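Observations on the three-dimensional arrangement
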Amino acid sequence: MECQAYLRMLGPVQVRVAQSWQTPRGAQLRLLMAFLALSAGQVVSADDLVDLLWDERPPRSARASLQILVTRLRKSLAGVPDCTARRYGEGYCLQVDRGLADVHVFRSLISRARERPDSHAAIAIFDQALLLWRGPALADVPDTVRVRAIRSGLTEEHLSAIESRFSCLLAADRDAEAAEEIPLVLASYPLAERLAGLLMIARYRVGRQADALKVFRDLRDRLAGELGVEPGPELQRLHQRVLAGDQALAAPDRLSWLPLRTGGAGVLARGHEPAGGSGPANGQGQANGYSPAIAHRPAGVHGPADGPGPADAPAADNDVPQARRWQPASHAGQPGSRNGHGQAVPPQGLPAAPAHFVGRHRELSMLARWLNGGEAPAEPVTLAITGMAGVGKTALALHWAHQVRSRFPDGQLYVNLRGFDPSPAAMMPGEAISGLLEVLGVSPSRVSARLDAQSGLYRSLLAGRRMLIVLDNARDEAQVRPLLPGSSGCAVIVTSRNQLAGLVAAEGAHPLRLDVLAGPEARQLLASRLGADRVAAEAEEVTELTALCARLPLALAIIAARAALRPSFPLALLATGLRDLRRRLDGLDAGEQAADVRAVLSWSYRLLSEPAARLLRLLAAHPGPDISAAAVASLAAAPEPLARDALSELTRASLILEHSPDRFALHDLVRAYAAGLCGEAETGSAMGRVLDHYLHTARAAVRLAYPHAHRVRALAPGCEPPEHLGAADQALAWLQAEYPVLVAAAAVAASSGFDAHACQVSAALSEYHARRGYYRDWERCQRQALAAAVRLGDQNAQAVARQLLGEALIQLGSLQEARDCLREGLRLFRDLGDPAGQADCHCSIARICELGKDHSQALYHAQLALTLYRAAGYLAGQAAALNAIGWYYAQLSDGPRAVSYCERALDLHRKTGNRFEEAVTLDSLGYCCHQSGQHGQAAQYYQQALRAYADSGDRFYRAQTLIHLGDTHRAGGQPRAGRDAWQQALAILDDLHHPDAHSVRARLDGEADDPGSPAVVVST
């Protein structure tokens, strides 16, 4: 089967040009293309790319050489549809449909195959995927350490797919084929335990029991000779079953015949786990208070003889495993001993401090400040540490509690309230108080059955004492209130996923919301577990892992445990299994509930009301980085008050974050969890509703903000916007706040089957893109829109997308492609009988002619545009065309005609109230005055234009007028004023990453060819 992709990495690196495959010239160019394609859609920093391309010490010119390579890459990829290497700040991102790259096609097919219940159908898909491999991955790029790690990860994926295919052969009763084919693969992977197990089963089923046993003996000898280890327990159990002639092995059972994980890659050798696999259930150690290896057990307090050993450190964010219900740790004073006050000293109740705690300096300072720095608080102090599951609340509480324990000589108590455990019910307050009273020496026979009496006795026993109480994993305020002491000298630390707002309001608790670790802290956590040398040696992989784990301590601890068990394996293998958001949680499972991110999140999810649970599922379908309450109402098809209620519940449960007023964000791993809960139908309808919301509100906002803009096109009948926007400034504020979401919405619509929305959202954004100078985003949106319009077969949408894409390409300097787009758009508009659309194309073609110094041809197209705008009855277009004609006459040194046309344009713009086009026309008149030597009058026109631009919110054309003003000041003998104007223009253009910045920089450096002439710019 011929690969339908355009980019190949599974073998030599190639790109398809026309109908043939070509190899990019130069090993570095091939490596750059392959790496950016593997990271498609992700920004890779320039420093990372430099380190990738120069394995040894990079030369001083590395950054410049990288830019040249990126330019060559863009040329190499010119024939790949909807593919561009874009710059984002200090990094680069390859924007390409993943279906155009063989490695992503391979992964998609493998995922589909593993989801098919029919083994025969799955085998066909596996075969299709495996045919994409043409040799070793990245076969013709430099063999550096990082390339070997990438290649190794891809090889693991390849082998995992082969193993899964063999599993399907066995499930489909095709044992003879498996017995014949597996040895060919095993010869290349002689230490692959799962592959050996598959061969043992195949040979056993075809009646070759002795040969099956020989496979085990041979593998055992190889493992002992090369690694000094025995086969793993799974393979040893399989060996015993073959020895015993277990008839159950003969029954086809898809992927369940061997107790090895099959969701990811199989086990290759002892101690080796490829990307996408799951770590063993017996991890070791802790990270920031987490220990994925420890099984979940009920929390509580036990007596001094049962003090916690090393395994009693917290297993999860809110989980401290203990053997009994109550747990005081050993203390210098045993029950019955007395302190200096003559009081009985209860056993200490703190579990062990987390062994790998890192960072949290700000939070620790806040806790210390709230304790007032004294020996013990003068009044009761309650500290409420809240945050999402797995963020490290228990670790922080215990770390700090151990730091201040000396201030509480009468003892410390700890109780896990099980508020978010997987157990059916949280600990009741009465149960908690009964246990605390028992620890404080009260006989159970003296404890009343009434909660108020229990609470009163508890508080009386604490009166006059200096004690620290840690109430871990609280569900809500009602669970905590009866456990609060009423006297001075005591401090309480409460941890909860709930915000505990009632505790803050009524009891004066100090709230501390815990967020994920900062980047350096996340690296420090991994370094504490894996060693600083390993983290430094694999710095890029560590950066990616911390990002994929979203810097969540529990996720990082699980990854650290898996990596620690495989010290010889590159961390890139772990990253490979986490890149797919929907499968990421599979890689964050250490085999037990307390060390499984999905399970820990589920304990919060199951406590939600149905409206809140439904909203959490639907939020996974939202395309942008955050969402407003109004958009949530559309997403959930609910009245806004009910949507706000559900948002409040999710916020209280720390499942979403209100990071700024009325804007809510979903943590990446919570999004991954929610996506796994949401069905395709539910996701599709929710996405359609929220795309409608953004489309109709964006249309309304752009019309309010830019009432005379000719780029605003309605491709389909609109409806009333879900959000009411009353004025232009409100509309601009909405566009600014929602811009990242709108761009993401256009991209998701194009990739999710909402092609009409992709066209319409992109068209609605085009004026905002032009005014704000977001040209790269404009280009990308219109390329997506054009592809969507072609899929729809919508000629009008194709015409609009081509015309708008042409405008964006002009701003980016891609003039030939822009001309091609506009000519095709012109043809389509002509076929549709749309004179205004034709006029728009002619105006843009005129701009291309102007940039090519063909001012006569530019004038011709501007005159055609004026005729067409008049035929369409479009006044704003007519005024813009009049100004363009005047501008081109000025370029042809016909000053009188230029001024005449520009003055007519200015009069018409002022009558229609179009401040933006008024500014452009004032700039044209300034240019005319400059040409005739009237530098004072020219400067006045330019200053008026700048004021009008400020009213219209434009940036790019403001920069152009500043350039002209600087030229005029310099020509009029005011070089300092000219330099100031150029500096302002340069700041804007640099911020826009616009190529015109080079000419301004040349002026400032005194290197311009003709510093006395204004830059050439035409009005729109």
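Residues numbered from 1 in each chain as written. Predicted model: local features only at pLDDT ≥ 70, side-chain atom pairs only at ≥ 80, totals over all residues. Heavy atoms only, no water.

Examining the overall build of the chain
- Summing up its helical and strand segments, the chain has 41 helices and 14 strands in all.
- For the chain, the residues scored as buried account for 58% of the 1020 residues in total.
- Sequence-distant contacts in the chain: of pairs separated by 6 or more residues, those separated by 24 or more amount to 68%. (Helix = DSSP H or I, 4+ residues; strand = E, 2+ residues; numbered from the N terminus. Buried < 20%, exposed > 50% of the residue type's maximum accessible area, 1.4 Å probe, protein only. Contact = heavy atoms within 4.5 Å.)

Let's talk about the sheet that holds strand 3 (residues 20–22)
- The antiparallel open sheet is built from three strands, whose spatial order is 1-2-3. Looking at the sheet topology across the chains shown, the edges are occupied by strand 1 (7–8) and strand 3.
- The pairing of strand 1 with strand 2 (residues 14–17) spans two bridges and is antiparallel. In the sheet register, Arg8 faces strand 2, and the bridge partner there is Gln14. (Pairing = 2+ DSSP bridges.)

What about the pattern of salt bridges?
- Tallying each qualifying case throughout the model produces 39 salt bridges.
- Residues Arg827 and Glu824 are paired through a salt bridge, measuring 2.4 Å at the closest nitrogen-oxygen approach. Here Glu824 and Arg827 lie together in helix 32 (residues 815–832), a separation of three residues that amounts to about one turn.
- For Arg827, a relative accessible area of 36% translates into the label partly exposed.
- The partly exposed category is assigned to Glu824, whose relative accessible area is 25%.
- For Arg847, the salt bridge goes to Glu850, with nearest N and O atoms at 3.4 Å. On the criterion of helical spacing, the pair formed by Arg847 and Glu850 is a turn pair, its members being three residues apart in helix 33 (residues 835–851). (Salt bridge = Lys/Arg side-chain N within 4 Å of Asp/Glu carboxyl O.)

A word on the side chain of Gln838
- Looking at where Gln838 falls in the secondary structure, it is placed in helix 33.
- Filtering out sequence-adjacent residues up to four positions away, Gln838 remains in contact with Leu826, Phe829, Arg830 and Leu868.

A word on the environment of Glu824
- Measuring from C-alpha to C-alpha, the distance between Glu824 and Arg802 comes to 7.2 Å, with 22 residues separating the pair along the chain.
- In this structure the side chain of Glu824 is engaged in a polar contact, spanning 2.4 Å, whose partner is the side chain of Arg827. (Polar contact = N/O pair within 3.5 Å; in protein donor to acceptor, adjacent residues only side chain to side chain.)

Describing the nonpolar core
- One finds Ile493, Leu608, Leu615, Leu616, Leu619 and Leu650 to be the most contacted residues of the largest nonpolar core, which totals 126 residues.
- Excluding residues that lie within four positions of it along the chain, Leu650 makes contacts with Leu608, Ala612, Leu615, Leu616, Leu619, Leu655 and Ile656.
- Membership of the second largest hydrophobic core comes to 89 residues, among which are Val44, Leu109, Ile123 and Phe166. (Core = buried A, V, L, I, M, F, W, Y, C linked by side-chain atoms within 4.5 Å.)

Some details on empty space enclosed by the protein
- Per the counting criterion, the structure on display carries seven cavities of 30 Å³ or more.
- Each pocket or cavity is described by its volume, and for the second largest cavity that value is around 70 Å³.
- Taken together, Leu619, His622, Pro625, Asp626, Ile627, Ile656, Phe664, Ala665, Leu666 and Arg671 form the lining of the second largest cavity. (1 Å grid on protein atoms, 1.4 Å probe; cavity = no way out; pocket = protein on both sides within 12 Å on 5 of 7 lines; lining within 4 Å. Points joined across faces, edges and corners; volume = space filled by probe spheres on them.)

Let's talk about helix 34 (residues 855–872)
- For helix 34, built from 18 residues, the straight-helix expectation of 26 Å at 1.5 Å per residue is met to within 8% by its first-to-last C-alpha distance of 26 Å.
- Along helix 34, the residues that are buried comprise His855, Ala858, Leu859, His861, Ala862, Ala865, Leu866, Leu868 and Tyr869.
- Those residues of helix 34 hidden inside the fold are in contact with helix 33 and helix 35 (875–891).
- Two residues or fewer after helix 34 comes Gly873, characterised by a positive phi angle close to 70°. (Expected span 1.5 Å × (residues − 1).)

Here's the deal with the confidence of the model for the chain
- Averaged over every residue, the pLDDT of the chain is 80; the share at 70 or more is 84%.
- Of all the helices and strands in the chain, helix 22 (residues 597–605) carries the lowest mean pLDDT, 75, while helix 32 carries the highest, 95.
- Here residues 254–348 scores under 50 on pLDDT; set against residues more than four positions off or in separate chains, the count is 322 contacts.
- Every residue in residues 1007–1020 scores below 50 in pLDDT, and together they form 49 contacts with partners more than four places removed in sequence or on other chains. (pLDDT = per-residue confidence, 0-100.)

A few points about the packing of helix 11 (residues 361–370) against helix 12 (residues 393–404)
- Closest axis-to-axis distance for the helix 11/helix 12 pair is 11 Å, and the angle between their directions is 50°. By the criterion of interaxial angle, the relationship of helix 11 to helix 12 is oblique. In this structure, helix 11 meets helix 12 at a crossing whose hand is right-handed. Taking contact as the criterion, the partners of Glu363, Leu364, Leu367 and Ala368 in helix 11 are, on helix 12, Leu396, His399, Trp400 and Gln403.
- For the contact of helix 11 with helix 12, the residue count by class is five nonpolar, two polar and one charged. (Axes fitted to C-alpha atoms, helices over the stretch in contact; angles between N-to-C directions. Parallel < 35°, antiparallel > 145°, perpendicular 65-115°, else oblique. Left-handed = near helix turned anticlockwise from the far one by under 90°. Nonpolar A, V, L, I, M, F, W, Y, C, P; charged D, E, K, R; others polar.)

Thoughts on the packing of helix 6 (residues 145–171) against helix 7 (residues 175–186)
- Where helix 6 meets helix 7, the closest approach of the two axes is 8 Å, and the angle between their N-to-C directions is 160°. Overall, the two elements helix 6 and helix 7 adopt an arrangement that is roughly antiparallel. In the packing of helix 6 onto helix 7, the handedness of the crossing is left-handed. Between helix 6, through Leu159, Ile162, Arg165, Phe166, Leu169 and Leu170, and helix 7, the contact on the second element is made entirely by Asp175, Glu177, Ala178, Glu181, Ile182 and Val185.

Focus: the packing of aromatic side chains
- All told, the structure shown has 13 aromatic pairs when counted by the stated rule.
- With 4.7 Å between their ring centres and 35° between their planes, Tyr739 and Tyr774 make a pair best called tilted. Taken together, the residues span a long stretch of sequence, with Tyr739 in helix 28 (residues 728–751) and Tyr774 in the loop between helix 29 (755–772) and helix 30 (775–792) at a distance of 35 residues.
- Look at Tyr739 and you get buried, because its relative accessible area is 10%.
- Considering the side-chain rings of Trp887 and Tyr927, the 4.7 Å spacing of their centres and the 40° angle between planes classify their relative orientation as tilted. With Trp887 in helix 35 and Tyr927 in helix 37 (residues 915–931), the pair connects residues that are 40 residues apart, well separated along the chain.
- Through successive ring pairs, a cluster of aromatic residues spans Tyr775, Trp778, Phe916, Tyr949, Phe956 and Tyr957. (Phe/Tyr/Trp six-rings, centres within 6.5 Å; stacked < 30°, edge-to-face > 60°.)

What to know about the sheet that holds strand 4 (residues 44–45)
- One open sheet holds the three strands; their spatial order is 4-6-5, and the pairing between them is antiparallel. Every interior strand has two partners, whereas the edge strands, strand 4 and strand 5 (84–88), have only one.
- As defined by bridge partners, strand 4 adjoins strand 6 (residues 91–95) across two bridges and the pair is classed as antiparallel. Within strand 6, the position partnered with Ser45 by the bridge is Gly91.

Regarding the layout of surface pockets
- If you add up the space inside the second largest pocket, you get close to 840 Å³.
- Every residue lining the second largest pocket is counted, 29 residues in all, and those nearest its centre are Arg87, Arg776, Leu992, His993 and His994.
- If you list the elements that add at least two residues to the lining of the second largest pocket, you get helix 3 (62–76), strand 5, helix 30, helix 31 (795–812), helix 40 (975–992) and helix 41 (997–1004).
- Residues of the lining of the second largest pocket, tallied by class, amount to 10 nonpolar, 10 polar and nine charged.

Details of unusual backbone geometry
- Of note in this structure, Leu138 is not a glycine but carries a positive phi near 50°.
- As for its position among the elements, Leu138 is in the loop between helix 5 (119–130) and helix 6.
- The backbone of Asp173 sits at a positive phi, close to 65°, despite the residue not being glycine.
- Among the secondary structure elements, Asp173 is positioned in the loop between helix 6 and helix 7.
- Taking relative accessible area as the criterion, Asp173 reaches 53% and is therefore assigned exposed.

Looking at the environment of Arg783
- When you line up the elements, Arg783 lands in helix 30.
- Judged by relative accessible area, Arg783 falls into the buried class, the value being 17%.
- For Arg783 and Ala750, which are 33 residues apart along the polypeptide, the C-alpha to C-alpha distance reads 10.0 Å.
- Once residues lying within four places of it in the same chain are set aside, the contact partners of Arg783 are Asp82, Leu805, Leu809 and Glu817.

Digging into the pairing of strand 9 (residues 468–474)
- With respect to burial, strand 9 is a largely interior element, seven of its seven residues being buried.
- Bridging between strand 8 (residues 412–416) and strand 9 involves five bridges; their strand directions are parallel. Counted as the bridge partner of Asn416 is Asp472 from strand 9.
- Note: strand 9 against strand 10 (residues 491–496), five bridges, orientation parallel. Its bridge partner being in strand 10, Val470 is matched across the sheet by Ile493.

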